[in-house]
Amino acid sequence: MNASAKTVFIFYKEAQETVEHLFIFCPMVWRVWAGLLQWWGTHWVTPRSVEGLLQWWAGNNFTKAERRIWDAIPLVALWSIWKHRNECLFQDVQPNLEELHEKIVVRTTKRLKSDSRDLHYPITDYVYNLGQIRRCLGGRM
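## Considering the nonpolar core
Considering soluble globular proteins, one finds that nonpolar side chains tend to be buried as a cluster.
For step 1, the next point in the chain: Judged by nonpolar contacts, the single largest core of 37 residues is most densely connected at Trp33 and Leu36.
For step 2, the next point in the chain: Elements with a contribution of two residues or more to this core: helix H1 (19-25), helix H2 (27-40), helix H3 (50-58), helix H4 (64-90), helix H5 (97-115), helix H6 (123-128) and helix H7 (130-136).
For step 3, the next point in the chain: Ranked by residue count, the leading element in this core is H4, at nine residues.
For step 4, the next point in the chain: Once you skip the residues sitting within four places of it in the chain, Leu36 turns out to touch Ile73, Ala77, His101, Ile104 and Val105.

Have a look at this one:
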């Protein structure tokens, strides 16, 4: 591959694939982030880079119990987006960002449930009743 060759973005096959485009600026992926923030009950201004995203994420104040959930979201999301991208590229799977959003939420809650004994709520409550759980944990919504 020569230096001027471009890697085509897998979800659209028209834009150049860059780290920022794949993980933030792709309109489909941006909707996943917006959905995750809506699930959490917050909003953001789109960061310019993945580093900026992680810095913004780390800069939010939450209770200790809320922080464990909050901190897991971007790591699970970035990994899930990469995994979905590779499934589309190598297994000819069609992009499905609604399913990706749901997988990120479920993977986040499963990870938390396996890592913590004091988060005793069922996974479905984390998925569908996060606001109530956050109130029980002493957080805000």
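So that's the structure; there's more coming.
## Some points on the pattern of salt bridges
For step 1, the next point in the chain: Tallied over the entire structure, the rule returns three salt bridges.
For step 2, the next point in the chain: The partner of Lys103 in a salt bridge is Glu99, with the nearest N and O atoms 3.3 Å apart. Placement of the pair is Lys103 and Glu99 together in helix H5, with a separation of four residues, close to one helical turn.
For step 3, the next point in the chain: With relative accessibility at 29%, the residue Lys103 sits in the partly exposed group.
For step 4, the next point in the chain: The class of Glu99 is partly exposed, set by a relative accessible area of 40%.

## Quick look at the packing of aromatic side chains
For step 1, the next point in the chain: Overall, the coordinates contain eleven aromatic pairs when judged by the stated rule.
For step 2, the next point in the chain: Pairing Trp40 with Trp70 gives two aromatic rings, centres 5.2 Å apart and planes at 50°, and the pair type is tilted. One end of the pair, Trp40, is in helix H2; the other, Trp70, is in helix H4, with 30 residues separating them in the sequence.
For step 3, the next point in the chain: Given the relative accessible area of 1%, Trp40 is considered buried.
For step 4, the next point in the chain: Ring pairs connect the aromatic residues Trp33, Trp39, Trp40, Trp44, Trp56, Trp57, Phe62 and Trp70, which therefore count as one cluster.

## Side note on the packing of H4 against H5
For step 1, the next point in the chain: Two elements in contact, H4 and H5, have axes whose closest approach is 9 Å; the angle formed by their N-to-C orientations is 130°. Taken together, H4 and H5 sit at an angle that is classed as oblique. Helix-helix and strand crossings are classified by hand; for H4 and H5 the assignment is right-handed. Between H4 and H5, the contacting residues are Arg68, Ile69, Ala72, Ile73, Val76, Ala77, Trp79, Ser80, Ile81, Lys83 and His84 on the first element and Leu100, Ile104, Arg107, Thr108, Arg111 and Leu112 on the second.

## A closer look at H4
The periodicity of an α-helix, 3.6 residues per turn, causes residues three or four places apart in sequence to face the same way.
For step 1, the next point in the chain: Relative to the 39 Å expected for 27 residues at 1.5 Å per residue, H4 spans 40 Å between its end C-alpha atoms, a close match to the ideal helical length.
For step 2, the next point in the chain: Of the residues trailing H4, Asp92 is marked for its positive phi of about 55°.

Each value, and the rule that gives it
- Residues numbered from 1 in each chain as written.
- Predicted model: local features only at pLDDT ≥ 70, side-chain atom pairs only at ≥ 80, totals over all residues.
- Heavy atoms only, no water.
- Core = buried A, V, L, I, M, F, W, Y, C linked by side-chain atoms within 4.5 Å.
- Buried < 20%, exposed > 50% of the residue type's maximum accessible area, 1.4 Å probe, protein only.
- Helix = DSSP H or I, 4+ residues; strand = E, 2+ residues; numbered from the N terminus.
- Contact = heavy atoms within 4.5 Å.
- Salt bridge = Lys/Arg side-chain N within 4 Å of Asp/Glu carboxyl O.
- Phe/Tyr/Trp six-rings, centres within 6.5 Å; stacked < 30°, edge-to-face > 60°.
- Axes fitted to C-alpha atoms, helices over the stretch in contact; angles between N-to-C directions.
- Parallel < 35°, antiparallel > 145°, perpendicular 65-115°, else oblique.
- Left-handed = near helix turned anticlockwise from the far one by under 90°.
- Expected span 1.5 Å × (residues − 1).

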